[in-house]
Amino acid sequence: MAPSSVLIVLVGLVSLSLSSEIVPPLYRYDDYDRCRQGNDHTTTGVYCFVKVVFEEDRDPFDSPRIISDFRRNLLDWGVCVEECQRELKDVSLEDRQRLFEPKFPINFTYIFPADFWDHYLDPFNARYDELINVCVNNRLERNYTLDRHAYSEIEYCTSKDELGSARRTPHWLMSTFYAIMLIIFIPMVGSNVLEWLGFDRIKDHIIVSSFSVKRNWDRLTQQSKSELYREFGYLEGLRVFMNLWVMATHIIMFVGYMPMGNPEFAENLMKNPLMIDVSTASIVSVQIFLAIGGLLVTNAVLMYVDQKHEFDFNLIRGSFIHRLIRIAPLDYFFILWSIVVPDLLGIQVGPVGYKMITQEQARCRKMWWTNVLFLNNLPAFSGERCNIQSWYLAADLQLFLVAMLLLATCCKYPKHASSVLWTSVVIAVAIPIGNIHMYELESSVPAMLSNLQFFFMYQPWFNHIYAPGYSNFNCYLAGVVVGYLYHQHKHRKLNFVDSLLFKVLKMARIPMLLLAFVPTFIFYQYEIPRSSWLTLIHSVLYRNAAVIVASVTFVDCFQKPQGVVRRFLASKALTSLGKLTYSLYLVHVPVFRLISNWFSPMPEVEFWFVVWILPLLCSFILVAVIAYFCIEQPCGLLLKHFFFKRL
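Conventions adopted
Residues numbered from 1 in each chain as written. Predicted model: local features only at pLDDT ≥ 70, side-chain atom pairs only at ≥ 80, totals over all residues. Heavy atoms only, no water. 1 Å grid on protein atoms, 1.4 Å probe; cavity = no way out; pocket = protein on both sides within 12 Å on 5 of 7 lines; lining within 4 Å. Points joined across faces, edges and corners; volume = space filled by probe spheres on them. Helix = DSSP H or I, 4+ residues; strand = E, 2+ residues; numbered from the N terminus. Nonpolar A, V, L, I, M, F, W, Y, C, P; charged D, E, K, R; others polar. Buried < 20%, exposed > 50% of the residue type's maximum accessible area, 1.4 Å probe, protein only. Pairing = 2+ DSSP bridges. Phe/Tyr/Trp six-rings, centres within 6.5 Å; stacked < 30°, edge-to-face > 60°. Axes fitted to C-alpha atoms, helices over the stretch in contact; angles between N-to-C directions. Parallel < 35°, antiparallel > 145°, perpendicular 65-115°, else oblique. Contact = heavy atoms within 4.5 Å. Disulfide = S-S within 2.5 Å.

(A) Here's a closer look at empty space enclosed by the protein. Here the structure, examined in full by the defined rule, presents 3 cavities of 30 Å³ or more. As a volume, the largest cavity reaches approximately 70 Å³. Taken together, Trp337, Ser338, Val341, Met356, Ile357, Glu360, Asn387, Pro590, Arg593 and Leu594 form the lining of the largest cavity. Those elements that provide at least two residues to the lining of the largest cavity are α15 (314-340), α16 (351-372) and α27 (581-596). Across the lining of the largest cavity, the residue classes break down as 6 nonpolar, 2 polar and 2 charged.

(B) The arrangement of the pairing of strand β4 (residues 151-158) in detail. Counting buried residues in β4 gives 8 out of 8 residues, a clear majority hidden from the surface. Sheet analysis places strand β2 (residues 47-53) next to β4, joined by 7 bridges and oriented antiparallel. Looking across to β4, one finds that Lys51 is bridged to Glu153.

(C) Inspection of the packing of aromatic side chains at higher detail. With the rule as written, the count across this model stands at 46 aromatic pairs. When the ring of Tyr156 is compared with that of Tyr354, the centres are 5.2 Å apart and the planes differ by 15°; the resulting orientation is stacked. Linking Tyr156 in strand β4 with Tyr354 in helix α16, this pair joins segments that are 198 residues apart in sequence. The exposure class of Tyr354 is buried, given its relative accessible area of 1%.

(D) Broad picture of the packing of α15 against helix α17 (residues 391-412). Interaxial distance between α15 and α17 falls to 11 Å at its minimum, and their mutual angle equals 175°. Our classification of the angle between α15 and α17 gives roughly antiparallel. Touching Leu315, Ile316, Ser319, Phe320, Arg323, Leu324 and Asp331 of α15 are Leu393, Asp396, Leu397, Phe400, Leu401, Met404 and Leu405, all from α17. Residues belonging to the contact of α15 with α17 are distributed by class as follows: 10 nonpolar, 1 polar and 3 charged.

(E) Structural context of the state of the cysteines. Considering all chains together, one arrives at 4 disulfides under this definition. Here Cys84 connects covalently by a disulfide to Cys135, the sulfurs 2.1 Å from one another. An S-S torsion of about -80° defines the bridge between Cys84 and Cys135 as left-handed. With a gap of 51 residues between them, Cys84 in helix α3 (residues 81-87) and Cys135 in helix α5 (residues 122-144) connect regions that are remote in the sequence. This pair shows no difference in class: Cys84 is buried, exactly as Cys135 is. Through a disulfide, Cys364 is tied to Cys386; the S-S separation comes to 2.1 Å. Taking the torsion about the S-S bond as the criterion, the Cys364 to Cys386 disulfide, at about 85°, is right-handed. Note that Cys364 is positioned in helix α16 and Cys386 in the loop between α16 and α17, a separation of 22 residues in sequence.

(F) Structural context of the pairing of strand β3 (residues 74-80). Burial of β3 is extensive: 7 of the 7 residues sit out of reach of the surface. Residues of β3 alternate between two faces, with Leu74, Asp76, Gly78 and Cys80 on one and Leu75, Trp77 and Val79 on the opposite face, all of them buried. Pairing geometry for strand β1 (residues 27-29) and β3, over 3 bridges, is parallel. Following the sheet pairing, Arg28 is matched in β3 by Trp77. Pairing of β2 with β3, which is carried by 7 bridges, proceeds in the antiparallel orientation. The residue bridging Val53 from the neighbouring strand is Leu74, located in β3.

(G) Molecular detail of the side chain of His588. Its location among the elements puts His588 in helix α27. For His588, a relative accessible area of 2% puts it in the buried group. With residues near it in sequence (within four places) discarded, His588 still touches Met247, His250 and Phe620.

Read these as layout, nothing more, since geometry by itself doesn't imply function.
Encoded structure:
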């Protein structure tokens, strides 16, 4: 998150130090470690994560107004079976029957899908389903004096006997993971030893060259001297700060996703109009990332066409292979990592780790193939996603292919290039607006704490507007247009000084941003119908204002000499960090999931929690550097050599 955003969060947190307690608590966890130890004579150390649902006459979330609160009728509890057995020991059969609450119709997603566990839960449900249902209602009556009962459903259980053995990772997957680690470790050590010893006949071998830390450090810190770098080198530095913003935002979201001791604190925080605007503005970082991608691809293609004097369709094939070589090895490694990590040596998953690691393992065991095929961002595969942050990789790859076809058309029919681009702009703007109208969605990303239960995976706005490549076509296309304009400007075919549209857009940059992001809180405070004209108009601004402003700024930059800001962004340190952005983006979520496993359940979130952002970012960078030197760069060089017979 940007420094100003962090400051706003701090001020908001301090101002909300007093908040009313939610009763019954949304999160309640029996002592996990003591329960798992158990008593060898009376229990199997069974600990179950349970969803507790209250029936309501009217769903408070069924409203035109965006409700930012948690669901008060959905509780997330951890229950020790032994404690339940002890508590119900003296409860009569008549009271047990009274306390039992059968399932009633529930109109929202409230539980992790049971089919992701296959048949693992069957013995737990058979033995403890009714016991836990009665136990929870007994606690609600005894501890919180509630006269209404709730339906309780087991989401997942652990035990220390044979009941818990069915969920272990298959041996062949564990063996594959350790084999890959060994395959990486041996050439990594061997290559650098040979590099250090200086054997002339071996040091230039492709394996030694690819795994050499010294040479990869030189590649990382080397600055290009090309004309394209001189014009757009600052984009690498810009990507660094956009990436830091994304990671800081994800950290804050994960804090809201974890079971916290004072969820009412987060609720009061999200009632602040300024916090709503800041939260919903986080989409800007993704939009600019996509625009930069479109700009760089377009410049690379048009420079190639200038040299060859024609568009070679083999360029699409070669560029596609290059992109897969860049992103696939590290992406596929962390898919496997997410599947095996709960069963690695030294990993003991606790209550927080269940939500962060065990659930992720189940998702990846079922949905890994959507990630491998880069389809995991499409609505057809919405719901439980493996490595949810990798939706961006799928969207970027899809948009890359569309952009290549679009550029091929422009190069094939240069006289009609302007018409093709304008038509594409209209289509790119219309697609998300049409979806918002058809599905009656919100005009902006709904910052709803209730959606954090499943990390927005079941949120219609996320599935239809945020993640699909076609809904982000406007962002990528903006970069394509800027790249095309730069090419025309370089060949003196365009004069922006005389362009009335460009002058108007330059002057309108600040007003557009204000109109796009400041009024967002209104939809949280007033009942504005989702299909209204106000919603559609705001969605047009919200989806396009930041992209237009960024594009106009990029165009303005390549007409003027570099100033202090661009020189800073194009500095050696930031351009080198820019080469790490892919590794950093991909590793930060798995690393945070692993770190959070050691968090105690239900921490009290106060204003000081933002101080954790800096050490967490440092840990992400450290792992990203390791991933870059051990996987991304060596695999990329080896695969390029294999496919293209060159380094």
